[in-house]
Amino acid sequence: MNKKPPIFKHFRNIYNQSPWVLVAILWVSILPSIGALLIGNWIYRHWSEINLSPIIEPEIALIYSISGTVLMGLALVPTTFFAVISGYIFGWHAFPYLVLAYTLASAVGYGLGRVLDKDSLDLLLDPYPKAKKLISEKKGQMGSLIFFVRISPVIPFAISNLVFALLRTGMKRVLWFGLLGMLPRTLLAFSSGALAGSIQEALTSKSSIWQYVLIAALLILSVAGIYAFFTKSVSKK
């Protein structure tokens, strides 16, 4: 029986062969929360001084879309935070631009992950041959995994971008299935911002009963879908 290496030794081996992937894992795990804290605090402290033009003006919509793409694509802020703030500041006119921004951010995050990949998934899964075989068998069904990961209200956008890149799911799948999966959770976050009565209420993201019910429903659907993906046998022709 092959003995699995200790987890820290395993990650040290990965770092020695592909250091930027571990840096990326730490980046997407930590930086979005720090970014949300810093930007949220700045907005709260300077809210009375902020004077923004309506997003219906083309140049404002362009700046907003580019800013959202960069902030979310480079994992500088969480998508939920950006959606809530967008809803409060700009209202429902901003929603189409938000969808555009997170779709482009998906492309940015996935593309950067592929640049850093360097066969890192093989290194990560070397001690786990069964998992490696399962991933290989499921290559043609990655669309459903992307959808159920994206629809989850608890799986961070930036982390999932990196995971999709390591799994080599394909850019088109990430964009299309990711778009469908992100819509419900984004709409939920955006609406909480749009309905907030103050910037403090928007930043604290207090949810009502119906929002908690929807969050629970999305979480259950996501867990069931991901579980089915990894446990359902691959059909053989």
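Further up the page is the structure itself.
For the structure given in this document, a descriptive report is provided here. (Residues numbered from 1 in each chain as written. Predicted model: local features only at pLDDT ≥ 70, side-chain atom pairs only at ≥ 80, totals over all residues. Heavy atoms only, no water.)

## Digging into the overall build of the protein
Inference 1: If you tally the helices and strands in the protein, you get 12 helices and zero strands.
Inference 2: Out of the 237 residues belonging to the protein, those deemed buried represent 40%.
Inference 3: Put simply, 83% of the contacts in the protein that link residues at least 6 apart link residues at least 24 apart.
Inference 4: Carbon and sulfur atoms provide 68% of the accessible area of the protein, an area that totals close to 13700 Å². (Helix = DSSP H or I, 4+ residues; strand = E, 2+ residues; numbered from the N terminus. Buried < 20%, exposed > 50% of the residue type's maximum accessible area, 1.4 Å probe, protein only. Contact = heavy atoms within 4.5 Å. Areas by Shrake-Rupley, 256 points an atom, 1.4 Å probe, with all protein chains shown as cover.)

## Examining a nonpolar patch on the surface
Inference 1: A cluster of nonpolar side chains, contributed by L26, I30, I34, L38 and I39, occupies part of the molecular surface with about 450 Å² of accessible area.
Inference 2: Summarising the element assignment, I39 is placed in helix α2 (residues 19–46).
Inference 3: Here I39 falls in the partly exposed class, since its relative accessible area comes to 30%. (Patch = residues over 30% accessible without salt bridge, like charges linked within 9 Å, V, L, I, M, F, W, Y side chains within 5 Å. Salt bridge = Lys/Arg side-chain N within 4 Å of Asp/Glu carboxyl O.)

## A closer look at the packing of aromatic side chains
Given two aromatic rings, their pairing is described by the distance between the two centres and the angle made by the two planes.
Inference 1: Applying the stated rule across the entire model yields eight aromatic pairs.
Inference 2: Taken together, the ring pairs connect Y64, F82 and F90 into an aromatic cluster. (Phe/Tyr/Trp six-rings, centres within 6.5 Å; stacked < 30°, edge-to-face > 60°.)

## Things to note about empty space enclosed by the protein
Inference 1: Following the criterion strictly, the structure yields one cavity of 30 Å³ or more and no others.
Inference 2: Residue lining of the largest cavity: M72, T79, T80, A83, L98, Y102, M182, R185, T186 and A189, and that is the complete set.
Inference 3: Mapped onto the lining of the largest cavity, the elements with two or more residues apiece are α4 (79–90), α5 (95–117) and α10 (171–194).
Inference 4: Among the elements that line the lining of the largest cavity, the one with the most residues is α10, at four residues. (1 Å grid on protein atoms, 1.4 Å probe; cavity = no way out; pocket = protein on both sides within 12 Å on 5 of 7 lines; lining within 4 Å. Points joined across faces, edges and corners; volume = space filled by probe spheres on them.)

## Here we look at the side chain of S106
Inference 1: By the secondary structure assignment, S106 is in helix α5.
Inference 2: A polar atom in the side chain of S106 sits 2.9 Å from the backbone oxygen of Y102.
Inference 3: Contacts of S106, omitting those with residues within four sequence positions, involve R150, F157, N161, V174 and L175. (Polar contact = N/O pair within 3.5 Å; in protein donor to acceptor, adjacent residues only side chain to side chain.)

## Some words on the layout of surface pockets
Inference 1: Of the pockets and cavities examined, the largest pocket occupies roughly 460 Å³.
Inference 2: Taken together, 18 residues make up the lining of the largest pocket; nearest its centre are L52, F82, I85, I89 and F90.
Inference 3: Within the residue set of the lining of the largest pocket, elements represented by two or more residues are α2, α3 (58–73) and α4.
Inference 4: Top element by residues in the lining of the largest pocket is α4. It accounts for six residues.
Inference 5: The class makeup of the residues in the lining of the largest pocket is 15 nonpolar, three polar and no charged. (Nonpolar A, V, L, I, M, F, W, Y, C, P; charged D, E, K, R; others polar.)

## Description of the nonpolar core
Inference 1: Among the nonpolar cores identified, the biggest contains 29 residues, and I55, M72, L98 and Y102 are the most heavily contacted of them.
Inference 2: Leave out the neighbours within four places in its chain, and I55 touches I60, A61, Y64, F90, H93, A94 and Y97.
Inference 3: Ranked by size, the runner-up nonpolar core spans 13 residues in total, among them Y110, M142, V149 and A165. (Core = buried A, V, L, I, M, F, W, Y, C linked by side-chain atoms within 4.5 Å.)

## Comments concerning the environment of I43
Inference 1: Looking at where I43 falls in the secondary structure, it is placed in helix α2.
Inference 2: Residue I43 is classed as buried on the basis of its relative accessible area, which comes to 7%.
Inference 3: As a C-alpha pair, I43 and I85 span 42 residues in sequence and 9.5 Å in three-dimensional space.
Inference 4: Every residue in contact with I43, bar those within four places of it in the chain, is listed here: I50, I85 and I199.

## Comments concerning helix α8 (residues 142–151)
Since one α-helical turn is 3.6 residues long, residues separated by three or four positions face the same way.
Inference 1: Across the 10 residues that make up α8, a large majority, eight, are buried.
Inference 2: Every buried residue of α8 is listed here: M142, G143, L145, I146, F148, V149, R150 and I151.

## Section: the packing of α8 against α10
Inference 1: Relative orientation of the contacting elements α8 and α10 amounts to 30°, with a least axis distance of 7 Å. What the angle tells us is that α8 and α10 run roughly parallel. Relative to α10, the crossing made by α8 is right-handed. Taken together, the residues of α10 that come into contact with α8 (itself represented by M142, G143, I146, F147, V149, R150 and I151) are R173, V174, F177, G178, L180, G181, M182, P184 and R185.
Inference 2: Partitioned by chemical class, the residues of the contact of α8 with α10 number 10 nonpolar, three polar and three charged. (Axes fitted to C-alpha atoms, helices over the stretch in contact; angles between N-to-C directions. Parallel < 35°, antiparallel > 145°, perpendicular 65-115°, else oblique. Left-handed = near helix turned anticlockwise from the far one by under 90°.)

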